Structures are given as structure tokens and as C-alpha cells.
Amino acid sequence: MNMTVNIAGVEWKNPVTVASGTFGSGAEYADFVDLSRLGAVTTKGVANVPWPGNPTPRVAEICGGMMNAIGLQNPGIELFCKRDIPFLRQFDTKIIVNVCGKSAEDYCEVAERLAGEDMLEINISCPNVKEGGIAFGQNPKAAEDITRAVKKYAKQPVIMKLSPNVTDIAEMAKAVEAGGADAVSLINTLTGMKIDIHRRTFALANQTGGVSGPAIHPIAVRMVYQTAQAVKLPIIGMGGIASAEDAIEMMLAGASAVSVGTANFHNPAVTMEIVEGIEEYLRQNNMEDVRELIGAVRVNT
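Everything numeric in this text was worked out from a predicted model, so none of it was measured.

## So, the overall build of the protein
Part 1 of the argument: From N to C terminus, the protein includes nine helices and 16 strands.
Part 2 of the argument: Its C-alpha atoms give the protein a radius of gyration of 18 Å, near enough to 19 Å, the size a compact globule of 301 residues would have.
Part 3 of the argument: With respect to the three principal axes, the spread of C-alpha positions in the protein is 55 × 45 × 40 Å.
Part 4 of the argument: Scored against the burial criterion, the 301 residues of the protein give a buried share of 56%.
Part 5 of the argument: Put simply, of all contacts in the protein between residues at least 6 apart along the chain, 69% involve residues at least 24 apart.
Part 6 of the argument: Surface accessibility of the protein: about 12900 Å² in total, with carbon and sulfur atoms responsible for 49%.
Part 7 of the argument: Once the 26 positive and 33 negative side-chain charges of the protein are each reduced to a mean point, those two points are 5 Å apart.

Structure below.
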């Protein structure tokens, strides 16, 4: 049985990775997950300088998931290259570095420093930072321009991470494709708000936050399907994936690979369960190659 997938020329041993910001940079989960069994490890976002993140409280539980406003807190590229990259290179998995920034220059500076890694995921979609990335992710022209700028510095395939907080996800996908993107990942969190009725104040200090978890899965599947119809780029699908069934659904909609996020918090072994579940599904359906799943949803007749 073949579980390998090819994402923009990079071969993964299976189609499962983790969503940036939900898995640290791998070390935090290494006691629970054999990182070498993942198709790829996607790191937490890293910027050209350390970011402190947003004030607390930064996380709130909601029905069907969670809401966070961490604010892309990260140690900066210097410490990341010294500590996190050497750790990940111990494992037989692909390394995807998620890159964040507040200007085109920020993104390009980090991309230039990461010439040796397998892939870059450019976060232009975080709803928890009030300047920078989110503006790129909601304007097609800006998204195209930042993609083109990063591509001038990147030595490896560039994945552009798209925001669901737009009118037309296909338009954004076409924009980054025009800018030279090698792949896209979607979706990032949906912008939400929670109010504590007992204290009559916002549950998050940032007032708004990114909604994730099972509640957003149907929205993510719809957007992956729309994107697959609009562009020729490989798609890494994410959003509320908590089981092999969720992952297979995403692949049938058109994703070449899947990324597991919020589910890691309450089940650190969920990625291993998903890999095994996909394998079992292929066996049960007499399928020899996981790539047979990609975009194989049938139109009702």
C-alpha cells in the first residue's frame, strides 16, 4: 500500500502533518508522538524578531472547539535556528517552517534564513495580529504581491496559508497561484468573539480570537473543495480534523494532505490514529494508493 504523497515536488511518507501553533516545534510532543511517523512537522510561526504575543486571557473554550488569541508569540529566527531546527532534523520527517511577519521585508528576511528546510508555510491569515499578516490574507493583490516577494528569497517550495475570513476563498487562491505559490494550506481560524456574561466583559483580552475545532470542519471542507476547483496547486487541508474520517473527507474534497490542529490538545496521539485510520480505510476499500482519494468525491446524480 502506497501512503506517500507529493506536495510541490516534496515527497511525504504519508499525507498527515500538524497545524502551526498546535504542536510547538515538535519537541513539545516528542514524548507522545513518534515524529518520524508523520509525513511532515509544521512548526509554530517564526518571525525575524521575537514576538511577545497578546495579553492574557488568550484562550477560551467554546461549544464545539476553542477560541484563541495567542498573537503568534515566538522566540524569533535566531533562537529557532539554534534550537528547534537541529531538534527536528533528528527525525525522518519533512520540516515545514511556518513564517509570520508584519511586512514583506519581515517575511523575506526569515525566508532567506531558512534556505535549508524542506518547505515554508507563509502565514498571511492569522486573525490574532492586528497589523501585518491578516491584511495580506484578505486582499488578493496584497496576497499575490507578498507571495511573489517571498518566492524571490525562498530556496524551497512555498505554501501560502489562506484565511477563511474572506468573501471568496477561490479568488485568494488564484491570487497566490498567480504570485508563484507552490501550494496552499487552508483554512486558518475563523474570527470570533466570546463575552463572559457574569463579568460582562470579553472572554479574551484581544476581544476577538480565532475559532478552531470540530465546529469549523464543514466550512473547511467546503473551502478546500472550492479551492481545488479553482487552482492547480496542491492543497493541505485543515480545520477541525479530529479523526481519520475527517481527514479522508478533506482529501476527497481535493486536499493532497491534511493538517491536524486543535485535536492535538486533547489527544496528543491523534495524528498517529489518523495515519492508521487512513491505512485501514484503504485496506477496507481495496485501494492500493492514498492518492486515489484526492478529489475523488462523486457528484450526486
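## A look at the sheet that holds strand 9 (residues 158-161)
Part 1 of the argument: In spatial order, the strands read 3-16-15-10-9-8-7-4; together these eight strands make up an open sheet with parallel pairing. Every other strand in the sheet has two partners, leaving strand 3 (16-18) and strand 4 (40-42) as the edge strands with one partner each. Mean inter-strand twist for the sheet, computed between neighbouring axes without regard to direction, equals 25°.
Part 2 of the argument: Across the sheet, helix 6 (residues 217-230) lies against strand 10 (183-186) and strand 15 (235-238), angled at about 165° from strand 15, the strand it touches most.

## A short note on the pattern of salt bridges
Part 1 of the argument: By the definition in use, this model includes 11 salt bridges.
Part 2 of the argument: The residue Glu78 makes a salt bridge to Arg113 at a minimum N-O spacing of 2.8 Å. You can see Glu78 sitting in helix 1 (residues 77-88) and its partner Arg113 sitting in helix 2 (residues 104-113), a full 35 residues away along the chain.
Part 3 of the argument: A relative accessible area of 53% means that Glu78 is categorised as exposed.
Part 4 of the argument: Of the residues examined, Arg113 reaches a relative accessible area of 39% and is grouped as partly exposed.
Part 5 of the argument: Put simply, Glu280 and Arg283 hold a salt bridge, and the shortest N to O gap is 3.0 Å. With a gap of three residues between them, Glu280 and Arg283 both fall in helix 9 (residues 270-284), about one helical turn apart.
Part 6 of the argument: Residue Glu280 is classed as partly exposed on the basis of its relative accessible area of 33%.

## A closer look at the packing of aromatic side chains
The geometry of an aromatic ring pair is captured by the separation of the ring centres together with the interplanar angle, meaning the angle of the planes.
Part 1 of the argument: One pass over the full model with this rule turns up three aromatic pairs.
Part 2 of the argument: When the centroid spacing of 4.3 Å and the interplanar angle of 15° are considered together, the rings of Phe23 and Tyr29 count as stacked. With respect to burial, Phe23 and Tyr29 carry one shared label: buried.
Part 3 of the argument: Ring centres of Tyr107 and Phe136 lie 5.8 Å apart, and the angle between their planes is 80°; this geometry places the pair in the edge-to-face category.

## A look at the packing of helix 6 against helix 7 (residues 244-253)
Part 1 of the argument: Packing of helix 6 against helix 7 leaves a shortest axis separation of 8 Å and a crossing angle of 25°. When the interaxial angle is binned, helix 6 and helix 7 end up roughly parallel. Contacts from His217, Ala220, Val221, Val224, Tyr225 and Ala228 of helix 6 reach helix 7 at Asp246, Glu249, Met250 and Ala253.
Part 2 of the argument: Its residues assigned to classes, the contact of helix 6 with helix 7 shows seven nonpolar, one polar and two charged.

## Things to note about helix 9
Part 1 of the argument: Its 15 residues give helix 9 an end-to-end C-alpha distance of 21 Å, which sits within 8% of 21 Å, the value for a rise of 1.5 Å per residue.
Part 2 of the argument: Buried within helix 9 we find Val270, Thr271, Met272, Ile274, Val275, Ile278 and Leu282.
Part 3 of the argument: As for helix 9, its buried residues are in contact with strand 3, helix 7, strand 16 (257-260) and helix 8 (263-266).
Part 4 of the argument: Two residues or fewer past helix 9, Asn286 is found with a positive phi of approximately 55°.

## Notes on the sheet that holds strand 11 (residues 190-193)
Part 1 of the argument: Read across the open sheet, the four strands follow the order 5-6-14-11; overall the sheet is antiparallel. Of all strands in the sheet, those bounded by a partner on one side alone are strand 5 (59-62) and strand 11. Averaged over all adjacent pairs, the angle separating strand axes in this sheet is 40°, with direction ignored.
Part 2 of the argument: In this sheet, strand 14 (residues 208-212) lies alongside strand 11 in antiparallel orientation, the contact comprising four bridges. Each residue of the ladder has a partner; that of Met193, found in strand 14, is Thr208.

The rules behind each value
Residues numbered from 1 in each chain as written. Predicted model: local features only at pLDDT ≥ 70, side-chain atom pairs only at ≥ 80, totals over all residues. Heavy atoms only, no water. Helix = DSSP H or I, 4+ residues; strand = E, 2+ residues; numbered from the N terminus. Rg over C-alpha atoms; globule rule 2.2 N^0.38 Å. Buried < 20%, exposed > 50% of the residue type's maximum accessible area, 1.4 Å probe, protein only. Contact = heavy atoms within 4.5 Å. Areas by Shrake-Rupley, 256 points an atom, 1.4 Å probe, with all protein chains shown as cover. Lys, Arg positive; Asp, Glu negative; His and termini not counted. Charge placed at Lys NZ, Arg CZ, Asp CG, Glu CD. Pairing = 2+ DSSP bridges. Axes fitted to C-alpha atoms, helices over the stretch in contact; angles between N-to-C directions. Salt bridge = Lys/Arg side-chain N within 4 Å of Asp/Glu carboxyl O. Phe/Tyr/Trp six-rings, centres within 6.5 Å; stacked < 30°, edge-to-face > 60°. Parallel < 35°, antiparallel > 145°, perpendicular 65-115°, else oblique. Nonpolar A, V, L, I, M, F, W, Y, C, P; charged D, E, K, R; others polar. Expected span 1.5 Å × (residues − 1).

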